[in-house]
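The chain contents come next:
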Amino acid sequence: MSYVKATVDNLLKGYDIRLRPDFGGAPVDVGMSIDIASIDMVSEVNMDYTITMYFQQSWRDKRLSYTGIPLNLTLDNRVADQLWVPDTYFINDKKSFVHGVTVKNRMIRLHPDGTVLYGLRITTTAACMMDLRRYPLDEQNCTLEIESYGYTTDDIEFYWQGGSNAGSVTGVENIELPQFSIIDYQTLSKKAVFATGSYPRLSLSFKLKRNIGYFILQTYMPSILITILSWVSFWINYDASAARVALGITTVLTMTTINTHLRETLPKIPYVKAIDIYLMGCFVFVFLALLEYAFVNYIFFGRGPHLQKKVAERAAKSNNENKSRLESNKVQVDAHGNILLTNLTGEMGGADMMGTLNDPRATMFSYDRASIQYRKPMTSRDLYGRPAIDRPISHKKGRLRRRASQLKVKIPDLTDVNAIDKWSRVVFPITFTFFNLVYWLYYVH
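Residues numbered from 1 in each chain as written. Predicted model: local features only at pLDDT ≥ 70, side-chain atom pairs only at ≥ 80, totals over all residues. Heavy atoms only, no water.

Topic: the pattern of salt bridges
Spelled out, the test is: Each salt bridge in this description consists of a side-chain nitrogen of Lys or Arg and a carboxyl oxygen of Asp or Glu lying within 4 Å of one another. Only DSSP runs of H or I with at least four residues qualify as helices, and only runs of E with at least two residues qualify as strands; both kinds are numbered from the N terminus onward. In this scheme, a residue with accessible area under 20% of its type's maximum is buried, one over 50% is exposed, and one in between is partly exposed, where area comes from a 1.4 Å probe on protein chains only.
Taken as a whole, this structure holds 15 salt bridges when the rule is applied. D9 is the salt-bridge partner of K5, the closest N and O atoms lying 3.2 Å from each other. In this pair, K5 and D9 both sit in helix α1 (residues 2–12), four residues apart, roughly one turn of the helix. Overall, the relative accessible area of 55% leaves K5 in the exposed class. Under the relative-accessibility criterion, D9 is labelled partly exposed at 39%. D421 serves as the salt-bridge partner of R244, at 3.3 Å between the closest nitrogen and oxygen.

Thoughts on the sheet that holds strand β4 (residues 88–90)
Keep this limit in mind: We treat two strands as partners when DSSP finds at least two bridges between them. To get an axis, fit a line to the C-alpha atoms, keeping to the stretch in contact for a helix; angles then go from 0 to 180 degrees between the N-to-C directions.
One open sheet holds the four strands; their spatial order is β4-β8-β12-β11, and the pairing between them is antiparallel. Single-partner strands in this sheet number two, and they are β4 and β11 (180–194). For this sheet, the mean angle separating the axes of adjacent strands, direction not counted, is 20 degrees.

Focus: the environment of P21
Where we set the bar: By definition, residues are in contact when any of their heavy atoms lie within 4.5 Å.
One can find P21 in the loop between α1 and β1 (28–43). On the basis of relative accessibility, which here comes to 1%, the residue P21 falls in the buried class. Separated by 42 residues in the primary sequence, P21 and R63 place their C-alpha atoms 7.5 Å from one another. Contacts of P21, omitting those with residues within four sequence positions, involve V28, W59, R60, D61, R63 and W84.

Points about the packing of aromatic side chains
Basically, it comes down to this: By convention, a stacked pair of Phe, Tyr or Trp rings (six-membered ring in the case of Trp) has centres within 6.5 Å and planes under 30 degrees apart, an edge-to-face pair has planes over 60 apart, and any other such pair is tilted.
Summed over the entire model, instances satisfying the criterion amount to 24 aromatic pairs. Seen in terms of ring centroids, Y214 and F215 are 5.2 Å apart; in terms of plane orientation they differ by 85 degrees. Their pairing is edge-to-face. Accessibility expressed as a relative area gives 3% for F215, which makes it buried. Connected via pairs of aromatic rings, a cluster forms that spans Y220, W231, Y278, F285, F432, F435, Y439, W440, Y442 and Y443.

In structure tokens form, the structure reads like this:
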């Protein structure tokens, strides 16, 4: 025990942490490996992800080599403050910390040949620029960039220990994310050139594929069902305005709520996402279903009264012209032979008319605009051109014809209204099915 203590004291005695190993000579080779504990969250709003990992660095410092003890020395984490360590940092880091419960999670292990193993338990939130054009049927690449902050490639070199994904990065197979699946990961080694020099850089890249199950249950299925619900109005009677309008407005507002809730969970990006296209398509179908009833309502309640008004105006105008023509071409002669030149402004009662016809002194004359001609007294048959008993029957038939024509105007053609609803029952489902087919074939494949 005392020998180990003396060995450690000798190693730290005169050790200068300000100088790197082999200062002025060849660059220090620093090997790195990562054991991923968890990926806690992937955020589309902030475009970042949070990862907890065991980050280990290894290099050789000849000043820390020792003999006489064939064992590795694992020292207290506070010894790390007395040794030189690489100035490693994460380029795309937003917020990081080293865990400190119950003590600071650091490890220092020395090997007899001077190799130093330095381990940290770190949680970092790293930026991940995402392309959400295919959201939520998208795949994302999130990286973790590791670089030396101050030492250039003349002083230090980074490399992945093990030389492959299996040796340098572990723990990926055990990670389970609620919305993503890690389908692949890669490690890269490169150099970053800046104005101050060339710096070593290591990169760990995760390929994440989003799980669609959550969005099927929370977004796609409700949108499909609401769109289908809007078609129920095609089977509701066209005169049930309250039911059809309430159903149409309810489905439109529900689609608007789904769109609003989705926008709150995503960043304000300038391009259109895949889910935006689908929800906008469903909204258009729902809105068109509401407009379909507006069109039906116009055909049933708007065009009919409008046509009725036009026909009634034409009929009234025609009747006035006929009445004026008849009254202007006829005069009456009374029983004393006096000619009445004034137009008839009133109608004679049925009793007066029959009394006049039965009076043998009663005569009727025809008046022409050019001259007045007197003719022999006319009988009731000659006066009306038909037997007196036929007059009420013909009058009733004319009145029935007029009422029948008015009835046709008041009741619009219901065949057009039913045809619109029947065509909508077929066109809307077929079009929506075609829209889904094109959408899923394009974005899934």
